[in-house]
Every structure is written in structure tokens, then in C-alpha cells.
2 protein chains.
Amino acid sequence: KKRKQLGVDDYFKGIREGNITILSQAITMVESSLPKHQEIAHRLIEKCLPFSGNSVRIGITGVPGVGKSTFIEAIGGYLTSKGHKLAVLAVDPSSEKTKGSILGDKTRMETLSSDPNAFIRPSPSAGSLGGVARKTRETVILCEAAGFDIIFIETVGVGQSEVAVHSMVDFFLLLMLAGAGDELQGIKRGIMEMADMIAITKADGHNVNKAKLAQAEYQNALHLFPPTESGWVPKVVTCSSVYKTGLPEIWDTIESYMNLTKENGYFNDRRSQQAKYWMYESINEELSKRFYNSASIKSVISSIEDEVVSNKTTSFAAAQKLLDIYFDRGNENSK
Amino acid sequence: KKRKQLGVDDYFKGIREGNITILSQAITMVESSLPKHQEIAHRLIEKCLPFSGNSVRIGITGVPGVGKSTFIEAIGGYLTSKGHKLAVLAVDPSSEKTKGSILGDKTRMETLSSDPNAFIRPSPSAGSLGGVARKTRETVILCEAAGFDIIFIETVGVGQSEVAVHSMVDFFLLLMLAGAGDELQGIKRGIMEMADMIAITKADGHNVNKAKLAQAEYQNALHLFPPTESGWVPKVVTCSSVYKTGLPEIWDTIESYMNLTKENGYFNDRRSQQAKYWMYESINEELSKRFYNSASIKSVISSIEDEVVSNKTTSFAAAQKLLDIYFDRGNENSK
């Protein structure tokens, strides 16, 4: 027997009741590229909007090997035991290739995935970073409307996705290993300056002293850096996911951050800025997509790019040439 | 008697002969918005391109008060005394308002401005960062064709212009004052991670010890940060523009950087990347400009932005609405 297709009102009701199965199905609508599904998703999200926003959105990043899954499992269990409802999402535009390397394997978070107060959802697998970002932001709205008051957005610390995640969260947590050697290789420059907190993981056993040392070093280093817009001084902590140490301190720190930024107005300002940012990002992405996907541009761009790289023409003359080609082909826009 | 208007060949000949007066006039053509001048500039630049590229392009930034002008004057004199030819340009899109706050007052670099081997040019004052960047990059080409083998591009360390300057130079130098207190307030986060060298200025008199301490602290901090793409480990030095100490070391360091990156291929890779970057930047800027300047968008965008900020609609729905408005008004582009 074919399952009856739910309508917008069914989804809305289910979500507001905290029904995880319906929430999952609604997110599938958000992620679908079928126009029919997108129409449902669009209406559902507008309906959920007034009930969204009441959560702490936390970005979590760190290179593979830092122990992200075990960290999320450990702190996630701590948070649900305190009565919180936690949704764990991911942004990993590359997961299309690897079919969901991140969080795809829920067995890496066995306890948390059977926790009724936790909801784990792998990264949407489709396409561009912009597309993945849109789906993730919309999923956040649905999760908040379903009563989740803490949202984790996980990402790998190696690409462009950190900037995207940083632009959709209230707090950005960078996980690092002790010692400033090879494990840094994978982290992109600039990510460290985005962090509101650095947590040195695996601070247990014979690793404790190394972790404490790293903590002191990073704390000193961060003090030398310019102050954040939020007025917050980034903190460095150590933790162990195995021995569950440092986790209450991490949560307390996040709560202090929330108190500070809600009091000084930064929290709301930033959410407004982020909403505007994504509006402009989406517009710019679409304008670019139309340009670079147009047949007239596609047929010439690589040869023009070669001319630029080989110094036969300037970047600006080349850009002008491409713009002339684009806008002269009966595609005249308002000048 | 009216001065005869020079033609492209006259400019080219004068520039290749190192005639500073003609170089200045040619740059004025580059900066002009008159179509006739732009046409001359365009042809001149293409003619100069094969003779460009043989310089070290160095970005210099630092907040007001750090002593940028005196530093440039001091190291500039050192470099011309060693037989180099130095051009000092600036990127400061805000200078339109203040009518050339940066370098506009050449009296701040009295010695250098009368040095026959130095050429100082204030920031182009017109409009957008993209426009200023284009003019500056084109001016670099003319200066290189005129035989300048060191190009300084100065900017203030407080805005978006550092990213632009960083994207047009080989080496990025950040000037800082000793001590990690209030003087950091002005520097934007993220700039420090772009620096290939930090020079602590005013390391003289009773300031020497403080400067040495700051040097050690920053050097430690930078070691904790991820390695650069170039394979270069950013250096921290101290200098005094008054006592002319530290300046040879700064130049030696830049030469080491050049040797390293020319040997490992990064130098050429990066110049190619930058050329492509500016082509794509120019295209994107023009696409945005047409969009946001179109009458149909202008009339609705602020009310739609308000809806987004007040959470009445999502960023993505708002973007879609604006895109529909734009492309439905007989402005259909290739889909």
C-alpha cells in the first residue's frame, strides 16, 4: 500500500509535536529537488519561522582524527541528560562523492542516535556549498520549531564550508589535538581566528600534560589577536570524550558567551546580519550560475582565462570581454 | 597654448624610457572615467603587459598611528640607495571622502618624494573597492614597464581593502606597535593570518624592550598557526624608522621569501591565481552592480530585507523573490 503523501499542515503539526519521523520526512522535502517537494518545503518553512530561533546554534569543526564524532557523542549525552534537546546537522558539500562520509555512519554515535532527545541528520549531499547551506539553514528552522534548543552544525576543518558554517551559527568551536605539529597541516589558515573556543581533545592518560601545555600556548596566542566584534575573548579548554572531562566547562563557557552576547546586543545583530548575508549570497550565487552556465560564456571562458594567466591580456580586459559577450547576446539587462 | 594630447605610442615610449612625468599622465588616463581616456589606457596597458611583472609587489598595512609613512620613507630611502627603483601606491577606497588621506600629503614623505628613484602616487579616489583595485593593478603594470622593480601598495588596516591588496601582492607586511593592548583595536581579525611578516615599529629609545618582547610573543603565536600555502614561516621583526634599524633585515627577509617561492613555484602560481581572481571578481562585481542598480530591485530591496531581518521570510525565499523580479522584467538571461 502506498504511503499517503503528507500535506504542509500534517508536517507542521508533526513537527510542533516533536515527532522525529515527521521531522525527518520534512527535511527530506527540504533536500529534494522536485518542484512539488520544494513547494511543500517552502510553505512549511514559512509556517515554522515564527516558532524558530530559540536555540543556540553551535558550529563544530576540526580535522579528521581530532575525534569529532566521539566528542559530539560525549557532550551530546551530557546535554540531553541535563534536559536539553539536541539536533546534530552537518555541512559537507563533498559528501556527494563519498556518499556521506560525515555522520553517514550513525554507528559512530551509537548512544546518541538512540537517545530520544537527540536528532542526528547527515549532511545534505547535493551540489554547491550554497545549496547545502540553504538546506542546512532551513533544516535548522524545522528543528527549532520541533523544540530542539541546541543545534550542532558539524563540518570538516579543511575547506570553504567553515566560512559557511561560521555564517550560520552563534558560536564557533574548533577542536584541536595537543601539540602544534603535523596535525595543524590540515587546518586552513583563517579558521583559528573564527573560533570562539578551541577545545583540545583527547586530554586523557599520558596526553594530559601535552594538552595542558597546548592549552596555555593557544590561550597566550589568542590574547595577541585582535578582539572579536562580540566583545568575547576566545577561550581554550581541554577535554576528554572517553573520560567525559571538560564537557561541563565547555557548556558553561558557551552559556557565558550567550549571556554576554544577548546582553550586549551582539547575538541579535549577528543573526540579522547572517539572514542578510545569506540573502545576498543566494542572489550572487544565482547571478554567477547563470553567467558561467550560459552557452556563450562556456564556449570561450577557458581560452580567455588562458590569455589572462599567460599575461596576454589583463584580468579586467578579459572580464570586460566576457561581460560584453554575455550581455550582447540578446540578454540585455537594465543598465 | 593648449598642451598636445599624447597618443598611446607617446605614453609607451615615455614609460619605457622611465619618464616619470609621462608615467604620471598615463596613470591619470587609467584613473579617468572618460571613455576616450579609458580607450587610451586600455591600449597602453596591453602594450606594456609584456614588459611588466618583473618586480616584487609588497603590500604594507597597519592602523593609523603605527608610523606607516615614516616607515616607507625610511625603508624606501634604504632601497633606492641600494640601486632599486621603488613605486609607492595606495589602495584606500575611502579616500574619496577625505580627498586622499593616504599619501595625499606628500610632505609626510619629503625625502622620498624628491628621490629620483622613487615614485609616489596617492590612492585613486573613485568609487568601489573593485574600481580602485583595477586602477591600482593597472598602475602596477605601468610602473613595472617603467622600470620600477619594487612596488609598495599601502593600505590602512581597518577595512576590506587588505583582502584586495593581499590579492595583488607577492608579500604582505603588517606593521604593528609593541604591546598587545589598545593598539590592536583597529586591526580587523583575519589580517594577521594574511601577514608574511610582522614588523614591530618604533623599536627605539625606551620602547626597545617592549618591542623585543612583542616580537617574541608574536613569533611564538605565529608558530602555533597553520603553515602557509607558500611554505613560508611568517617572521616577526622589530625596526626603527628614526634610527633606521631593522630595515636591512626586513629587506633580506623579503628576498629570502622571494627565493623560496620562486624556487618552489609558488610565486608564479600565485600570480596566475591572482590574475584569475581579479577576472572573476570583476565579472561578479559587474553582475551585482547591474542587479542592485536596476530600478525594479532598488524599489523593493529594502522592504524585502526588512522582512528577512524581522524573520517574516527566509533569506532564500527573499532572494528567490528578488531574482524573479529581476529576471521577469524582460531581462531574461540564458537559463
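Residues numbered from 1 in each chain as written. Chains lettered and ligands numbered in written order. Predicted model: local features only at pLDDT ≥ 70, side-chain atom pairs only at ≥ 80, totals over all residues. Heavy atoms only, no water.

Caption draft 1: Just the pairing of strand β1 (residues 56–62) of chain A, in detail. Residues and elements named next belong to chain A. Counting buried positions along β1 gives seven out of seven residues, so the element sits mostly inside the fold. Where burial is concerned, the two faces of β1 agree: the one with Val56, Ile58, Ile60 and Gly62 and the one with Arg57, Gly59 and Thr61 are both buried. Two elements, β1 and strand β4 (residues 150–156), share seven bridges in a ladder whose sense is parallel. Looking across to β4, one finds that valine 56 is bridged to isoleucine 150. (Buried < 20%, exposed > 50% of the residue type's maximum accessible area, 1.4 Å probe, protein only. Helix = DSSP H or I, 4+ residues; strand = E, 2+ residues; numbered from the N terminus. Pairing = 2+ DSSP bridges.)

Caption draft 2: Spatial organisation of the side chain of histidine 37 of chain A. Residue and element names in this part refer to chain A. Along the chain, histidine 37 falls in helix α3 (residues 35–48). In terms of polar contacts, histidine 37 uses its side chain to reach the side chain of serine 32, at 2.8 Å. The residues touching histidine 37, leaving out its near neighbours within four places in the chain, are Gln5, Met29 and Ser32. (Polar contact = N/O pair within 3.5 Å; in protein donor to acceptor, adjacent residues only side chain to side chain. Contact = heavy atoms within 4.5 Å.)

Caption draft 3: The sheet that holds strand β5 (residues 171–176) of chain A, seen in detail. Residue and element names in this part refer to chain A. Spatial strand order, β3-β2-β4-β1-β5-β6-β7: seven strands in an open sheet with parallel pairing. Both outer strands of the open sheet, β3 (118–120) and β7 (235–238), are each paired with one neighbouring strand and no more. The sheet shows a mean angle of 20° between the axes of neighbouring strands, direction not considered. Two strands pair when backbone bridges link them, and strand β6 (residues 197–200) and β7 are joined in this way by four bridges, in the parallel orientation. Looking across to β7, one finds that isoleucine 200 is bridged to threonine 238. The strands touched by helix α10 (residues 247–263) within the sheet are β1, β4, β5, β6 and β7, with β1 carrying the most contacts at an inclination of about 130°. (Axes fitted to C-alpha atoms, helices over the stretch in contact; angles between N-to-C directions.)

Caption draft 4: Quick peek at the interface of chain A and chain B. Facing the 71 residues of chain A at the interface are 69 residues of chain B. Across the interface of chain A and chain B, roughly 6300 Å² is buried in total on both sides, 63% from carbon and sulfur atoms. The tally of links between chain A and chain B comes to two salt bridges. In this assembly, chain A and chain B are joined by 11 residue pairs in polar contact (both at pLDDT 80 or more). Of all the secondary-structure elements, those providing two or more residues to the side of chain A that touches chain B are α3, α7 (129–145), α9 (208–223), α11 (266–293), α13 (301–309) and α14 (315–328) of chain A. It is α11 of chain A that provides the largest number of residues to the side of chain A that touches chain B, a total of 15 residues. Residue classes in the side of chain A that touches chain B are distributed as 37 nonpolar, 19 polar and 15 charged. (Buried area = accessible area lost by both parts, 1.4 Å probe. Salt bridge = Lys/Arg side-chain N within 4 Å of Asp/Glu carboxyl O. Nonpolar A, V, L, I, M, F, W, Y, C, P; charged D, E, K, R; others polar.)

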